[in-house]
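The primary structure of each chain is shown beneath.
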Amino acid sequence: MTRPTPPAPSIDGAALLDEVEAFHRRFNVFPTEAAYVAVTLWDAHAHLIDAFDGTARLAFLSPEPGSGKSRALEIVETLTPRAATTVNASANALFRLVEADEGTPTLLFDEIDTVFGPKAGGNEDVRGFLNSGYRRGAKSLRCVGDGSSQNAEWFSSFCAVAMAGLGSLPDTILTRSVIIRMRKKAPNEKAEPYRRRVHEKEGHALRDRLAEWAAAIHDQVAQAWPEMPEGVSDRPADVWEPLLAVADAAGGHWPERARAACVTLIKAAQEGDEASLGVRLLTDLRDRVFCGTDRMPTAAILEVLLSLDDAPWADLSDDGHNAKPLTARALSKLLSQYVRPDNTPIRPRGIRVGSGTPKGYYAEDLSDAWTRYCPPPPGKSATAATPATPQVNGGGSVAETPSGSRHTHAETDTRPLRIAG
């Protein structure tokens, strides 16, 4: 009589993630504990990509070479399914890679700064691919065929993507990413040398166990709606949802560690964000120009903005060359992107100053944009409470502040494609 085969023992997800994290720690020196947690969860989530509505991009960025970015990507490659590493690719090639019969790839983009850096020319098609592909169902229309025989076909862009590069990335990609800001190892920080011929097999063994575990928890994760930490919503919640779902499925200490890492990395990303030029302008107008004044002539606004040593207004340029100071025309163009409370563009209006009516701006026109786009104002202080600029109130003349100061001291805060075996 044939005995029934006993069921295979269930996989301890928490212990498996511990092993994956330990594998990273052998070869990678990440800047924070939160980074180890996030990268480990990202590796696992790539095995469950078809269970989620979205996927987080993973971005290893640093200001200088030799900070371990490429090595981090190399370890990720050994642990993720159908990993495809490239340093350059056209959008059309990427679409066809995602649609290949082998299944959804894990796309690893090294030297991403050569794609989006200041000399790269934008690469809008690739940016569109990366932006759209973080959500399930994202498709782009392409012509397929030879010569005059062309047909329009839809191509998916949904896949897990990790990137490594110098500098930064377009904001539209950063907001879809878990950002790990790498740095050079300190003298007391050590990492084991990675030897692909030896260690890749160890990584692939972990990868295969992750795949087995992912198959076992797939249905559970597909139905999960993980609870977000307080204050995490909108795009950051979309980014972290799949990672928290993986942590909850693993259990043990992972749900708690995942949420702590979520808060830490989101906060770090927000603190590291450079506001758009428009938001920077609105914030400087609120906190360093108007400072409670209800109207201001354009000339007075420009005088104060151009005097701010820590602001970009004295040497604006689009390409890093031919810098010019902010002009009345440029000020109007920047502000016209935003609207007044009545939903009409912000425009300069006449302001009564003595016997003249120079053009200027009213705080009431800017108030809605200030509320919607600017960070919370700095705490009130003696200096911040005093209008900081030449000002106009109730039709009076332009004058300096009582202290004679025209600005406050308050601060606002090509290698070929490699397919892993």
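What you see is a predicted model, and the numbers here were worked out from it, not measured in a lab. (Residues numbered from 1 in each chain as written. Predicted model: local features only at pLDDT ≥ 70, side-chain atom pairs only at ≥ 80, totals over all residues. Heavy atoms only, no water.)

### Comments concerning the overall build of the protein
Condition: Secondary structure elements follow DSSP: runs of H or I of four or more residues count as helices, runs of E of two or more count as strands, with numbering from the N terminus. Throughout this description, buried means an accessible area under 20% of the type-specific maximum (1.4 Å probe, protein chains only), exposed means over 50%, and partly exposed covers the range between. With residues, only the protein chains shown are counted as cover, and all accessible areas are computed by Shrake-Rupley using a 1.4 Å probe.
A count of helical and extended segments in the protein gives 15 helices and eleven strands. Within the protein, the proportion of its 421 residues that are buried is 46%. A total of about 21,600 Å² of accessible surface is found on the protein, and carbon and sulfur atoms cover 51% of it.

### Concerning the confidence of the model for the protein
Convention followed: Note: pLDDT gives the predictor's confidence per residue, expressed from 0 to 100. Any two residues having at least one pair of non-hydrogen atoms within 4.5 Å are treated as being in contact.
Residues at a pLDDT of 70 or more form 84% of the protein, whose mean pLDDT is 84. Segment residues 393-416 is flagged for pLDDT under 50; beyond a separation of four residues in sequence, or across chains, it makes 52 contacts in the model.

### Observations concerning the packing of helix 3 (residues 69-79) against helix 8 (residues 196-222)
Applied cut-off: Here an axis means a line fitted to C-alpha atoms, over the contact stretch when the element is a helix, while the angle between two N-to-C directions is reported on a 0 to 180 degree scale. Under this scheme an angle from 65 to 115 degrees is roughly perpendicular, one under 35 degrees roughly parallel, and one over 145 degrees roughly antiparallel; angles in between are oblique. Three categories are distinguished: nonpolar for Ala, Val, Leu, Ile, Met, Phe, Trp, Tyr, Cys and Pro, charged for Asp, Glu, Lys and Arg, and polar for the others, with Gly belonging to the last.
Where helix 3 meets helix 8, the closest approach of the two axes is 7 Å, and the angle between their N-to-C directions is 50°. As the angle between them shows, helix 3 and helix 8 are arranged oblique. Mapping the contact onto sequence places Glu74, Glu77, Thr78 and Leu79 in helix 3 and Arg196, Glu200, Gly203, His204, Leu206, Arg207 and Leu210 in helix 8. Residues of the contact of helix 3 with helix 8, tallied by class, amount to three nonpolar, three polar and five charged.

### Observations concerning helix 1 (residues 13-27)
What counts here: Working rule for helices: expected span equals 1.5 Å times residues minus one. Any N or O atom pair separated by 3.5 Å or less is treated as a polar contact, with the protein-specific requirement of one donor-capable and one acceptor-capable atom, and with residues adjacent in sequence counted only for side-chain atom pairs.
Counted at 1.5 Å a residue, the expected span for helix 1 with its 15 residues is 21 Å, and the 22 Å between its end C-alpha atoms agrees. Among all positions of helix 1, only Gly13, Ala14, Leu16, Leu17, Val20, Glu21, Phe23, His24 and Phe27 are buried. Between a side-chain oxygen at the N-terminus of helix 1 and the backbone nitrogen of Ala14 the separation is 3.2 Å; the capping residue is Asp12.

### Considerations on the pairing of strand 7 (residues 177-181)
The side chains of a regular strand alternate between both faces of the sheet. What counts here: Two strands make a pair as long as DSSP finds a minimum of two bridges between them.
With four of its five residues buried, strand 7 lies for the most part within the structure. Across five bridges, the pairing between strand 1 (residues 57-62) and strand 7 is parallel. For Leu61, the partnering residue across the bridge sits in strand 7 and is Arg181.

### Some points on the sheet that holds strand 9 (residues 349-350)
Whenever strands of a sheet pair, they do so through backbone hydrogen bonds, lying parallel or antiparallel. Judged by pairing direction, the sheet is antiparallel, and its three strands sit side by side in the order 8-10-9 without closing on themselves. The sheet is open, and its two edges are formed by strand 8 (295-297) and strand 9, each paired on a single side. Relative to strand 10 (residues 359-362), strand 8 runs antiparallel, the two being bridged by three bridges. What sits directly across from Pro297, in strand 10, is Gly360. Across the sheet, helix 12 (residues 298-307) touches strand 8 and strand 10, and the angle it forms with strand 8 is around 85°.

### A closer look at the packing of aromatic side chains
We apply this condition: Two rings from Phe, Tyr or Trp (for Trp, the six-membered ring) form a pair when their centres sit within 6.5 Å of each other. Planes less than 30 degrees apart are called stacked, planes more than 60 degrees apart edge-to-face, and all others tilted. Ring-over charges, as used throughout, are those where CZ of Arg or NZ of Lys falls within 6 Å of the ring centre and within 35 degrees of the ring normal.
Taken as a whole, this structure holds seven aromatic pairs when the rule is applied. Between Phe27 and Tyr194, the aromatic rings sit 5.3 Å apart at their centres with planes inclined by 80°, giving edge-to-face as the arrangement. Note that Phe27 is positioned in helix 1 and Tyr194 in the loop between strand 7 and helix 8, a separation of 167 residues in sequence. The two residues Phe27 and Tyr194 agree in class, both being buried. Seen in terms of ring centroids, Tyr338 and Tyr373 are 5.0 Å apart; in terms of plane orientation they differ by 70°. Their pairing is edge-to-face. Pair noted here: Tyr338 is in the loop between helix 13 (328-335) and strand 9 and Tyr373 is in helix 14 (residues 363-373), with a separation of 35 residues, a long-range link. Using a relative accessible area of 44% as the deciding quantity, one classes Tyr373 as partly exposed. Against the face of Tyr134 rests Arg135, its NZ or CZ located 5.7 Å from the ring centre. Above the plane of the ring of Trp254 lies Arg257, whose end atom (NZ or CZ) is 4.9 Å from the centre.

### Points about the pattern of salt bridges
Put simply, the rule reads: We define a salt bridge as a contact between a side-chain nitrogen of Lys or Arg and a carboxyl oxygen of Asp or Glu at a distance within 4 Å.
Under the definition given, this model contains 22 salt bridges. Residue Arg26 pairs with Glu192 through a salt bridge whose shortest N-O separation is 3.0 Å. Taken together, the residues Arg26 in helix 1 and Glu192 in the loop between strand 7 and helix 8 connect sequence positions 166 residues apart. Arg127 is the salt-bridge partner of Glu124, the closest N and O atoms lying 2.8 Å from each other. Of this pair, Glu124 and Arg127 both sit in helix 6 (residues 124-132), three residues apart, roughly one helical turn. In this structure, a network of salt bridges that share partners links the residues Arg71, Glu74, Glu77, Arg196 and Glu200.

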